[in-house]
Amino acid sequence: MRVSSRKSSEHERTPGYGIQIGYRTLSIRVEEKDLPSKAKQSTDPADAIASIDVHLISTDDVYTRYSCHPTVGLEDAAVQRRIKDGKNVISPPPTQHWKKILNYIFGGFNFLMWIAFIVTILSYKPLGGSSPSVVNLGVAVLLMLVIIISATFYAFVDWNASRIMKSIKSLIAHEAAVIRDGKQQLILATDIVVGDIVVLSTGDRVPADLRIVAASSDLRFDRSLLTGESDMVPGSLDATSDNALETRNLALTSTFVTQGTCNGIVFATGDRTIMGRLVKMSGDTKFKLTTIQKEVWFFTKVISSVAFSMFGISLLLFGVWLRTSYPGYDTISSAIMNSIGCLTAFVPQGLPLCVALSLTIIARRMSKRHVLVKNLATIETLGCMSVLCSDKTGTLTAGKMVVESIAFLDHSFLVSEIDEKVSEAPEPRFFAGLSALHQTARLCNGAKFDSTTADRPIHERTVKGDPTDTALLRFSEALSIPALNIDTSALLSSWRKLFEIPFNSKNKWMLSVVQETRTTKGDITEKDSTAWMLVKGAPDMLVKSCTTVMRSDGAVVPFDEASRQYIDNLQSDWSSEGQRVLALCRKPLEALKPNLSPNDMEELMYSEIGNLTLVGLVGIRDPPRPDVPSSVAVIRRAGVRVFMVTGDFKLTAVAIARQVGIITQHSVDTINDVRAASSEKNFTDVSIRSIKPSEDDPIRALVLTGEDVSTLTTVDWHVIVGQYTEIAFARTTPEQKMKIVEEIKARGDNTVAVTGDGVNDAPALKAADIGVAMGSGSDVAKEAAALILLNNDFASIPVAIEMGRLVFDNLKKVTLYLMPVGSYTEFMAVVTNVVFGMQLPLSSYLQVCFSITNDVVMSISLMYEKAEADLMLRKPRNARTDRLTDWKLFFQIYCFIGLMAWPCAMSMWFVYMDQQGLGFHDVFLAYNNWTDGYHGFTTDQLAQFVNTGQCIYYVTMVFMQYGNLLAIRNRRVSLLQSNPLWGPRKNIAVPIGMIATALIAVTNLYGPGLQRVFLTTPIPGMFWGPPFAFGLGILCVDEIRKLIVRTYPKSIVAKMAW
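Residues numbered from 1 in each chain as written. Predicted model: local features only at pLDDT ≥ 70, side-chain atom pairs only at ≥ 80, totals over all residues. Heavy atoms only, no water.

(A) A look at the overall build of the protein chain. Per the secondary structure count, the protein chain includes 38 helices and 29 strands. Counting only residues that meet the buried cut, the protein chain has 56% of its 1058 residues in that class. The long-range share in the protein chain, meaning contacts at least 24 apart out of those at least 6 apart in sequence, stands at 76%. Carbon and sulfur atoms provide 57% of the accessible area of the protein chain, an area that totals close to 43,900 Å². (Helix = DSSP H or I, 4+ residues; strand = E, 2+ residues; numbered from the N terminus. Buried < 20%, exposed > 50% of the residue type's maximum accessible area, 1.4 Å probe, protein only. Contact = heavy atoms within 4.5 Å. Areas by Shrake-Rupley, 256 points an atom, 1.4 Å probe, with all protein chains shown as cover.)

(B) Structural detail: the sheet that holds strand β2 (residues 183-188). Overall, antiparallel pairing links the 6 strands, which are arranged β2-β1-β3-β9-β4-β7 in an open sheet. At either end of the open sheet lies a strand with only one pairing partner, and these are β2 and β7 (250-251). (Pairing = 2+ DSSP bridges.)

(C) Up close: the sheet that holds strand β10 (residues 371-373). Spatially, the 9 strands line up as an open sheet ordered β10-β29-β28-β27-β11-β23-β26-β25-β24, and their pairing is mixed. Since the sheet does not close on itself, it has two edges, and those belong to β10 and β24 (668-669), each with one partner. Bridge count for β24 against strand β25 (residues 701-705) is 2 bridges, and the pairing is parallel. Residue Val668 lies in a different strand from β25, and its bridge partner there is Ala701. On the sheet, helix α30 (residues 796-834) packs against β10, β11 (387-390), β27 (752-756), β28 (770-774) and β29 (787-789) and is oriented at approximately 140° with respect to β29. (Axes fitted to C-alpha atoms, helices over the stretch in contact; angles between N-to-C directions.)

(D) Seen up close, the pattern of salt bridges. Following the criterion strictly, the structure yields 36 salt bridges and no others. Put simply, Asp53 and Arg65 hold a salt bridge, and the shortest N to O gap is 3.0 Å. Pair noted here: Asp53 is in the loop between α2 (45-50) and α3 (59-65) and Arg65 is in helix α3, with a separation of 12 residues, a long-range link. Here Asp53 and Arg65 have matching classes, each one buried. Residue Glu743 pairs with Lys739 through a salt bridge whose shortest N-O separation is 3.3 Å. On the criterion of helical spacing, the pair formed by Glu743 and Lys739 is a turn pair, its members being 4 residues apart in helix α27 (residues 734-745). Exposure remark for Glu743: the relative accessible area of 17% places this residue in the buried category. (Salt bridge = Lys/Arg side-chain N within 4 Å of Asp/Glu carboxyl O.)

(E) Just helix α20 (residues 561-576), in detail. For α20, built from 16 residues, the straight-helix expectation of 22 Å at 1.5 Å per residue is met to within 8% by its first-to-last C-alpha distance of 22 Å. Taken together, the buried positions of α20 are occupied by Ser563, Ile567, Leu570, Gln571, Trp574 and Ser575. Considered in projection along α20, the buried side chains sweep an arc of 130° and stay on one side of the axis. α20 presents Glu561 and Ala562 as exposed residues on the side facing more than 90 degrees away from its buried surface. Backbone geometry just after α20 places Gly578 at a positive phi near 90°. (Expected span 1.5 Å × (residues − 1). Arc of directions from axis to C-beta.)

(F) Highlighting the pairing of strand β21 (residues 579-588). Of all 10 residues making up β21, 9 are buried, and the element is well covered by its neighbours. One ladder, built from 6 bridges, connects strand β18 (residues 531-537) with β21; its direction is antiparallel. Each bridged residue has a counterpart across the sheet, and for Met533 the counterpart in β21 is Lys587. As judged from the 8 bridges shared by β21 and strand β22 (residues 612-621), these two strands associate in the antiparallel manner. In the strand pairing of β22, Cys585 is matched with Leu614.

(G) Structural detail: the packing of aromatic side chains. Here the structure, examined in full by the defined rule, presents 23 aromatic pairs. Summarising the aromatic geometry, the rings of Phe413 and Phe431 are spaced 5.7 Å apart at their centres and angled 85° between planes, so their arrangement reads as edge-to-face. Placement of the pair is Phe413 in strand β13 (residues 412-414) and Phe431 in the loop between α15 (418-424) and α16 (433-443), with a sequence separation of 18 residues. Phe413 sits in the buried class, given a relative accessible area of 4%. Taking the centre distance of 5.0 Å and the plane angle of 75° together, the rings of Tyr824 and Tyr894 count as edge-to-face. (Phe/Tyr/Trp six-rings, centres within 6.5 Å; stacked < 30°, edge-to-face > 60°.)

(H) Expanded view of the packing of helix α5 (residues 97-106) against helix α6 (residues 110-124). It is at 6 Å that the axes of α5 and α6 come closest, and there the two elements cross at 65°. Relative to α6, the element α5 is oriented roughly perpendicular. Residues Tyr104, Ile105 and Phe106 of α5 form the contact with α6, whose participating residues are Asn110, Phe111 and Trp114. Within the contact of α5 with α6, the residues separate by chemical class into 5 nonpolar, 1 polar and no charged. (Parallel < 35°, antiparallel > 145°, perpendicular 65-115°, else oblique. Nonpolar A, V, L, I, M, F, W, Y, C, P; charged D, E, K, R; others polar.)

(I) Seen up close, the environment of Asp487. The topology assignment puts Asp487 in the loop between α17 (467-478) and α18 (488-494). Judged by its relative accessible area of 33%, Asp487 is partly exposed. Measuring from C-alpha to C-alpha, the distance between Asp487 and Glu477 comes to 8.2 Å, with 10 residues separating the pair along the chain. At a separation of 3.0 Å, a polar atom in the side chain of Asp487 contacts the main-chain amide nitrogen of Ala490. (Polar contact = N/O pair within 3.5 Å; in protein donor to acceptor, adjacent residues only side chain to side chain.)

(J) Up close: the pairing of β22. Counting buried positions over the 10 residues of β22 gives 9, a clear majority of the element. Bridge count for strand β12 (residues 402-407) against β22 is 5 bridges, and the pairing is antiparallel. What sits directly across from Val402, in β22, is Arg621. In the sheet, strand β19 (residues 546-550) pairs with β22 via 3 bridges, with the strands oriented parallel. Within β22, the position partnered with Cys546 by the bridge is Leu612.

Distances and angles like these do not, on their own, reveal function.
Now the structure itself:
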């Protein structure tokens, strides 16, 4: 890493340490008035940003202004004083509560309820005349209660969901590396104070606003979160603009280090950062509908439009037909109430409540799995997932890499055998090559131990760095062979790092230039050299640059063809076992010019990558996570194809893919097989949406490298996406990973999810429909992802897929439950009154009451339904074509269940009237004949018949819903295998809902106050039994339908099944 004149290595020991301490102490006591001028404070965020000047002053003045030391950082006493200024947390923008309240009050179907409420009040007075019906006022009060209850429920659900999401987000503990008291420490990002020296490396989120004081030549930032621009921004030590937002020597909060390393001094934290001030300026974020909310909102608009149309048609019929043709049949007040019946009958008021409740239930379940869902719609989208592209390291594997094997040209052995091999050798110097290997592994390393855990055993110490460097760091730290003078502490005190090019996914190697600070006993062959270039990386990238190779005794010999073949075979063997193979190389630098600029130094090092000595190979084992193979099997059974996309070597990728079940076929195709298929197959007449493997196609496996991906044609991609079920992409760059995702998304209506944890996974995570990051992954990956597995639990992915499918399934069931009776049967009652001149079989009060109490209580139980046995065996839902409501669902509502329900309820009305001496033709088409003296009955008697008949119709609806609910709990499976009282599909909410709805019905019929206001009345005992029989009949008919679907899956009945 290139450093400024004030930068010091973590392990460097400088003779002037005491002077530096004195300098630090002095700087702390300097009065602020003597420091370089600070930006004036301003209450206006824009003025505060414009007044920032820390990027314009020199590095020395920065240290002075913030009273910190270049190598020691802040003392603990200074930290304790400054932490009183507040935590490093950006306050969320103020919530506009009035907008939320308006949404609660008028959202969902509430706006229709408001219309009904206003019109009902008008029908009471002034349209009700001198003696208005108290029933109208009662219905108005009930409608207002509906609005209040709905608004309260929306508010509660919103608050509860927000609380759950906040509790999950609090589990993410962002950490930062700082230098305090001369030691590098890992602390919580919230504990950073002004003046801290923060150490950043590739993949880190910038925790506060920093002035860069030391940087590697390849430093790059992703500022897209701040600026919206996706281009990488280089970092520098000097100001490139007077504007703080434009200059490159500032690292700003919430941006990311995508390449390189740097040190920076904190000049602003929390709300005082540029991001904090911008948040304050921007205010609240705009509300966006989720996918499932869009589906429900679309359904709501359709239903509301139809309901409003029916309301208008009903009033129109009264005005132009009934009022003139049948005078006295309806008053204006009663006509309005009948029209209100059309409005309320068609609206399933329980649906928005169930949507809100379902999202809350899902949020609670996901929080128990320690899964952070940034947007709840992600869960529903996961239910549509058809392809999962997974990174290997840290995702499919544990990310806990351990060096397992090492090899020289003439020897290869396990790490556990080193001591034994050395002790058995005639002389220790037969393995002198271990000294060079140890030097390269330790000094060419981007990982560092956290100083606060230095007292722990090596394998328990906290390490900041990527898994590969971490494995080499632990290996080299533990390697101690006194006979060969291999000692880590001595090595670190004898060498200092002059320059570094960190590992990146394009080069696939890391380079360090080190210089000896004092004479030591080095290896026997090249001990006179004091400056070395040390390189480690992918063998296929470095071996071709090597001209010599080291033997185990330290001797360097020419790298001939036979030696190259041996190394190549060894790499293949290790890779086939699932090991990641690294080549360790070095080269003496005889005449290294001092004081070269960073860019010149970098160019020089690139030109020097040649004539290297291959010191040895290192094999690193990263075992698969124990939960991955079973999870992959579940995901594949759900119809989701799982592909591996990794930067690792091809053979390693295939080996791990076999271990976790991504590749199961013995024969694996290559690019040549793809090209052969491309030349044979014609895709001219094939729709791009239909390019996917069919169920009858054999399972085929494929492995491609990044080099192959860069040469693929459009037809090649058609073949890959359309014919292969098992694919491993190896040696891919971030750009190639993103291209893979985009090409798969473009074909076969695929919904693509990507899992990853590294910086190189971020572009693909953003490009995917669903990005899934590991909690232990880089900050860049977690920011790009929509879903974060905080416990790194890959098994949460199939659970999330199941929940996505479950929430969609349950909402479909709620719709199917509410519409046949709560909408269709109620509407038919109004139609018979408005069009066919019959007395209203169901009063407006009972319509509204049934919809917002009985139906809601029962439908809520459906949101607690567990997944059906075949839920994870179905094909993924096509997000483009498979809607929440389709023709199959409407057929089930209006031509199957509804067609059984409303005739049953209507028949009970006619049976009761017949018992009173009024036959079918006496009731049907009666219009204005229904008056005093009709068939010898007084007005009061006729009114009592109607009131009792309406209650019978209501009770019939209530208990018929028992059968409807039990029928639609399962799409295919019989109730006998999935009863709600015990077993795998146990749902206690179902019997509780049934008891609750029965109590509501009894209260409506026998409540004295309700009888007086809404004219409800007890019904004859014989009318309590038949509704249960009707419900049982609906259940039995649906059981027969399911049996036909299961027995004859290709029949017309099966094709029409919802």
